[in-house]
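Below, each chain spelled out in residue letters.
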Amino acid sequence: MIKKINILTKENKYSIEIETNSIKKKIKNIISKNNNVIFLIDKKVFNVFQKINNYQKEKYICINCSEKIKSFNFYTKITQKVLSKGVDRKTILVAIGGGTLGDLSGFIASTLLRGIDLILIPTTLLSQVDSSIGGKNGINTNFGKNLVGTFYQPKLVIIDPLILSTLPKRELLSGYAEIIKHSIIYDKKFFNWLDKNSKNIFSLNYEVISNAIYKSILIKKQYVLKDEKEKLKNRHSRAILNFGHTFGHALETYYKYKKKLTHGEAISIGMIIASTISYKLNYLSYKDLIKIKNHFIFNRLPIMDNKMYDNKIFDIIHKDKKNIDGKINFVLIKNIGNAFLKNNINLEKIKQIIN
Ligand SMILES: NC(=O)c1ccc[n+]([C@@H]2O[C@H](COP(=O)([O-])OP(=O)(O)OC[C@H]3O[C@@H](n4cnc5c(N)ncnc54)[C@H](O)[C@@H]3O)[C@@H](O)[C@H]2O)c1
Ligand SMILES: [Zn+2]
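Residues numbered from 1 in each chain as written. Chains lettered and ligands numbered in written order. Predicted model: local features only at pLDDT ≥ 70, side-chain atom pairs only at ≥ 80, totals over all residues. Heavy atoms only, no water.

Focus: the overall build of the chain
- On a plain count of helices and strands, the chain comes out with 13 helices and eleven strands.
- The C-alpha atoms of the chain give 20 Å as radius of gyration, which agrees with the globular expectation for 355 residues (20 Å, within 12%).
- Taken along its principal axes, the extent of the C-alpha atoms in the chain is 60 × 40 × 40 Å.
- Summing over all exposed atoms, the chain offers an accessible surface of approximately 16800 Å²; the carbon and sulfur share of this is 50%.
- For the chain, the distance from the average site of its 60 positive side-chain charges to the average site of its 28 negative ones is 1 Å. (Helix = DSSP H or I, 4+ residues; strand = E, 2+ residues; numbered from the N terminus. Rg over C-alpha atoms; globule rule 2.2 N^0.38 Å. Areas by Shrake-Rupley, 256 points an atom, 1.4 Å probe, with all protein chains shown as cover. Lys, Arg positive; Asp, Glu negative; His and termini not counted. Charge placed at Lys NZ, Arg CZ, Asp CG, Glu CD.)

Comments concerning the coordination of the zinc ion (ligand 2)
- Taken together, the protein donors to the zinc ion (ligand 2) comprise E178 (OE), H245 (NE2) and H263 (NE2), at separations of 2.0 to 2.1 Å.
- Mapped onto the sequence, the donors of the zinc ion (ligand 2) take the spacing E-x66-H-x17-H. Within this pair, whereas E178 is found in helix α6 (residues 169-186), its partner H263 is found in helix α10 (residues 263-280), the two being separated by 85 residues in sequence. (Donors = N, O, S within 2.8 Å, 3.2 Å for Na, K, Ca; no water.)

Observations regarding empty space enclosed by the protein
- This structure, assessed with the given rule, holds one cavity of 30 Å³ or more.
- Computed from the structure, the largest cavity encloses a volume of approximately 130 Å³.
- The class makeup of the residues in the lining of the largest cavity is seven nonpolar, ten polar and two charged. (1 Å grid on protein atoms, 1.4 Å probe; cavity = no way out; pocket = protein on both sides within 12 Å on 5 of 7 lines; lining within 4 Å. Points joined across faces, edges and corners; volume = space filled by probe spheres on them. Nonpolar A, V, L, I, M, F, W, Y, C, P; charged D, E, K, R; others polar.)

Digging into the layout of surface pockets
- By volume, the second largest pocket amounts to about 250 Å³.
- Lining the second largest pocket we find 15 residues, and of these K24, V48, D160, L162 and I163 sit closest to its centre.
- Residue assignment for the lining of the second largest pocket shows that the elements contributing at least two residues are α1 (23-33) and α2 (46-50).
- Looking at which element gives the most residues to the lining of the second largest pocket, the answer is α1, with three residues.

Examining the side chain of S127
- Topologically, S127 is positioned in helix α5 (residues 125-131).
- Apart from residues no more than four positions distant in its own chain, S127 is found in contact with G97, G98, G99, P122 and S132. (Contact = heavy atoms within 4.5 Å.)

Digging into the packing of α6 against helix α8 (residues 206-226)
- Contact pair α6 / α8: the axes reach a minimum separation of 9 Å and the direction vectors enclose 55°. Here α8 runs oblique to α6, going by the angle between their axes. Considering the relative orientation of α6 and α8, their crossing is left-handed. For the pair formed by α6 and α8, the contact residues are E178, I179, H182, S183, I185 and Y186 on the first element and A212, S216, I219, K220, Q222 and Y223 on the second.
- Its residues placed into classes, the contact of α6 with α8 shows six nonpolar, four polar and two charged. (Axes fitted to C-alpha atoms, helices over the stretch in contact; angles between N-to-C directions. Parallel < 35°, antiparallel > 145°, perpendicular 65-115°, else oblique. Left-handed = near helix turned anticlockwise from the far one by under 90°.)

Looking at the environment of L113
- Structurally, L113 is set in the loop between α4 (99-111) and β6 (117-122).
- When near neighbours in sequence (up to four residues on either side) are disregarded, L113 contacts V87, D88 and R89.

Details of the pattern of salt bridges
- What the rule picks out here adds up to 15 salt bridges.
- One salt bridge in this structure joins K136 and E230, with 2.8 Å as the shortest N-O distance. On the criterion of sequence distance, the pair formed by K136 in the loop between α5 and β7 (139-141) and E230 in the loop between α8 and α9 (245-254) is long-range, its members being 94 residues apart.
- Within the structure, one salt-bridge network assembled from shared partners comprises E17, E19, K25 and K26. (Salt bridge = Lys/Arg side-chain N within 4 Å of Asp/Glu carboxyl O.)

Examining the side chain of N137
- Structurally, the position occupied by N137 is in the loop between α5 and β7.
- Judged by its relative accessible area of 9%, N137 is buried.
- Engagement of the side chain of N137 in a polar contact is seen with the backbone nitrogen of T150, the distance being 2.8 Å.
- Other than its neighbours up to four places away in sequence, N137 contacts D103, G106, F107, S110, G149, T150 and Y152. (Buried < 20%, exposed > 50% of the residue type's maximum accessible area, 1.4 Å probe, protein only. Polar contact = N/O pair within 3.5 Å; in protein donor to acceptor, adjacent residues only side chain to side chain.)

As for unusual backbone geometry
- The phi torsion at L113 lies on the positive side, around 50°, for a residue other than glycine.
- Under the relative-accessibility criterion, L113 is labelled partly exposed at 32%.
- One non-glycine residue, N282, adopts positive backbone phi at about 65°.
- Looking at where N282 falls in the secondary structure, it is placed in the loop between α10 and α11 (286-298).
- For N282, a relative accessible area of 69% puts it in the exposed group.

As for the site of ligand 1
- In the vicinity of ligand 1 there are 24 residues, among which D42, G99, T100, T124 and T166 approach most closely.
- Here K145 contributes a side-chain N or O atom positioned 2.9 Å from an oxygen atom of ligand 1.
- Protein chains shield 90% of the accessible area of ligand 1, which is 860 Å² for the free molecule.
- Listed by contribution, the elements that provide at least two residues to the shell around ligand 1 are α4, α5 and β8 (144-148).
- Grouping the amino acids of the shell around ligand 1 by side-chain chemistry returns five nonpolar, nine polar and ten charged. (Near = heavy atom within 4 Å.)

Written out as structure tokens, the structure is:
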């Protein structure tokens, strides 16, 4: 079954299409309808593309993807390669890969000729439910993650859950963490549905996966449409999507993105911490806290890390670029499905609670 979500921002209109076993058909369609298409492809999914006959060899670039491609170095290298294939205003850049390739490609597309068309074909669960939605892109610097980038919406997003069949279980779980995050911040019914259906996601039931992706995108869409550039400070703020990310990002920085923890694992721990703080500050009921914890434990999402008490992590949180005047902003929850922004949280208090 095809599911379609239309996105209408102030300056753009595009659709996100979810359909199992659709990639090849859709790539062929893009090639036949456009004169100049350049593909950036994650090496791990290159076989899908290889099966499409007759595409000119010189029009694709195959990339070994990981966080390291989100760098100035790769940005320069890949941009030059794209330019060498001949780029004009009608060129379409198509990215087939996970969130790292999507983030790099978005930045390249937005800067080439001050913006050429971009089509995203996300191939990890995380990129299907999160990074390919909302138009943020970027690369990392020595000073921190995603510090250089633009807001740039794609012309189309094509999602094919079947591509997840080759994804390692740990990466699947990492994407699932963002799905459960969407349910906790916005939709209790969806949380309960996931509670019943999560095992079907991990056993790759494509119908259930499609539903989960669809629901998840609708939730992210709400926040993106109300606050595309993350300017609001109320419960509609796009920053609500950072639930679990304050602590999660600090853990990732602590481990220097060495993949000791995947992004999803880091934010899972962050979500448990944010939920616990919500409970300790009397916003969240004990019943809801336990419900969340049990769901995480049942699905093997980590709820703690033995380094999470390290003072260095608090130093990292303290230095976070998102703090204003040294005050920490945290996303907390009042119950499952209802998140809000809590400004001015005292770091000492958080330390106490975690300890
Ligand atoms: N722009 C945004 O709004 C946004 C939101 C969330 C996350 N992100 C970014 O997304 C990135 C993480 O994305 P990710 O988790 O997709 O990482 P990733 O792109 O590194 O992919 C994870 C691994 O899976 C491999 N892979 C991709 N598709 C595969 C498939 N179908 N089968 C087998 N292997 C496959 C990749 O080669 C890589 O080794 C981070 O850099 C994060 O900052 C961006
Ligand atoms: Zn995230």
